[in-house]
Amino acid sequence: MQDPNGSLTPPDPRFAGHLTETCTGPDCFVRQHMACVRKDLDPFNLGSLAKVKGKLYCESCRTKWSNPFFEKVKDIMGPIVVESKQPLAVSRIITRDHLSYIRKMDGQAQLQLICLQLDDAVLLRQHWPLEVSLVVNDHAVRVIGRQSKIALGINQRDEAANLNHIARLGSNTIRFSFDDPGRKYILFLQLMRKLTVEEVKKKMNPPLSLVEAEIRMKRLVMGDDEDLVTERSRISLKCPLLGSRMRRAARFADSDGIDNVFDLEAILDSAQRTRRWICPHSLRSSALFHLQEDAYLNRVLDCLKDSPDVVEIEVDPEARWRPIYPSSGEE
Ligand SMILES: [Zn+2]
Ligand SMILES: [Zn+2]
């Protein structure tokens, strides 16, 4: 079990008997004192914990999924919890192996200082504090583009600080402080490797089989209410990010709308630029591990290879579809 508070200090009798909850991250079984992470929770009240069940991530998963275009090669420091106006000064050893790995990878590896806000409203993002100051080996490092007094907006994402050009063999000193009253931040120093797009795609949710995808489509066309007269549903094949027809259809498995589909490469491009995994239809925040190719619509797109003008289809309650040709217009 990890506890961001407990990891800093000797076991504190105040935390004895805190209820624990398992991390939501894929393949992660870490149990945490969730009330130590989330200020709004009552550590002894099951109901209080239930409302966040399935929405809690340990700090290791939070760093991992905040920027899945990089993969951790080595932990060098962290997690270290830092409080406002309590400057941190630590030193860490950078070895010959670390430095030669960075050189060998020729721009594809980074020594990253990663910062999370302990109680962030958006869990899977990086977030530097207000009035942050970072000095590594006597070099001031600028970690944010925004003004240091302006808080990170709900749709914004911060980036890790790349220390490749400052790190040196042997002891490296990191001085970190901020003025962001009442907030705690967690720091990590990790050696990271940049992934190729193909490697990033391997971290997606595996697609449904065609049979499963048809069952899902029937359910979506029928709707939840069985008493309703079922009708055909129209699905646009246009990607809101591209403005044109999807080449390969994808969606976030945690946004179940029939229309919540978009172009796979376009969402990966967008996420790589913005670090955001947001469904462009529902505007819900999601994650790479929910991203999934849409087996049903990819089959449709394959069939429509020779009809590039078709940007809409109609699906009946048996999940049979037909193209809507632009010339036929609205019937
Ligand atoms: Zn605790
Ligand atoms: Zn986890």
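Residues numbered from 1 in each chain as written. Chains lettered and ligands numbered in written order. Predicted model: local features only at pLDDT ≥ 70, side-chain atom pairs only at ≥ 80, totals over all residues. Heavy atoms only, no water.

A.B. asks: Teacher, can you tell me more about the coordination of the zinc ion (ligand 2) here?
C.D. replies: For a metal with four tetrahedral donors the ideal donor-metal-donor angle is 109.5 degrees, while six octahedral donors give ideal angles of 90 or 180 degrees. Of the protein atoms, only C23 (SG), C28 (SG), C58 (SG) and C61 (SG) coordinate the zinc ion (ligand 2), at distances of 2.3 to 2.4 Å. Taken together, the 4 donor atoms coordinating the zinc ion (ligand 2) span angles of 104 to 116° at the metal, a pattern that classifies the geometry as tetrahedral. (Donors = N, O, S within 2.8 Å, 3.2 Å for Na, K, Ca; no water. Tetrahedral: all angles 85-135°; square planar, octahedral: opposite > 155°, others 65-115°.)

A.B. asks: Mind showing me how you'd approach the packing of aromatic side chains here?
C.D. replies: Here the distance between the centres and the angle between the planes together describe a pair of aromatic rings. The full count for this structure, using the stated rule, is 7 aromatic pairs. Relative to F262, the ring of F252 lies with its centre 5.4 Å away and its plane at 50°, an arrangement referred to as tilted. Remark: F262 occurs in strand 13 (residues 262-263) and F252 occurs in strand 12 (residues 249-252); sequence separation between them is 10 residues. A single burial state applies to F252 and to F262, both of which are buried. (Phe/Tyr/Trp six-rings, centres within 6.5 Å; stacked < 30°, edge-to-face > 60°. Helix = DSSP H or I, 4+ residues; strand = E, 2+ residues; numbered from the N terminus. Buried < 20%, exposed > 50% of the residue type's maximum accessible area, 1.4 Å probe, protein only.)

A.B. asks: Help me understand the pattern of salt bridges in this model?
C.D. replies: Pairs may arise between side chains of opposite charge once their charged atoms sit close together. Enumeration over the complete set of coordinates arrives at 21 salt bridges. R247 is the salt-bridge partner of D263, the closest N and O atoms lying 2.6 Å from each other. A residue pair is termed long-range when its members are at least 10 positions apart, and D263 in strand 13 and R247 in the loop between strand 11 (233-236) and strand 12 qualify at 16 residues. Notably, a salt bridge pairs R251 with D294, separated by 3.2 Å at the nearest N-O pair. One end of the pair, R251, is in strand 12; the other, D294, is in the loop between strand 14 (291-293) and helix 8 (295-303), with 43 residues separating them in the sequence. For R251, a relative accessible area of 3% gives the class buried. (Salt bridge = Lys/Arg side-chain N within 4 Å of Asp/Glu carboxyl O.)

A.B. asks: What is the right way to read the side chain of D316 from this model?
C.D. replies: Inspection of the secondary structure assignment puts D316 in the loop between strand 15 (312-315) and strand 16 (321-323). Take D316: its relative accessible area is 8%, and that puts it in the buried class. Of the polar contacts made by the side chain of D316, one reaches the backbone nitrogen of E318; its length is 2.8 Å. Ignoring any residue separated from it by four or fewer positions in sequence, one finds D316 in contact with V221 and R232. (Polar contact = N/O pair within 3.5 Å; in protein donor to acceptor, adjacent residues only side chain to side chain. Contact = heavy atoms within 4.5 Å.)

A.B. asks: When you look at helix 6 (residues 210-222) in this model, what are you seeing that I'm missing?
C.D. replies: The end-to-end C-alpha separation of helix 6 is 18 Å, in line with the 18 Å expected for 13 residues at 1.5 Å each. Listed in full, the buried residues belonging to helix 6 are A213, R216, M217, L220 and V221. Down the axis of helix 6, the sector holding all buried residues measures 130°, keeping them to one side. Away from the buried face of helix 6 by more than 90 degrees, exposed residues V211 and I215 are located. Along its buried surface, helix 6 packs onto strand 11, strand 12, helix 8 and strand 15. Positive phi appears at G223, one or two residues downstream of helix 6, with a value of about 80°. (Expected span 1.5 Å × (residues − 1). Arc of directions from axis to C-beta.)

A.B. asks: I keep staring at the environment of L210 and nothing clicks. Help me out?
C.D. replies: In this fold, L210 is placed in helix 6. On the basis of relative accessible area, L210 is assigned to the partly exposed category, the value being 35%.

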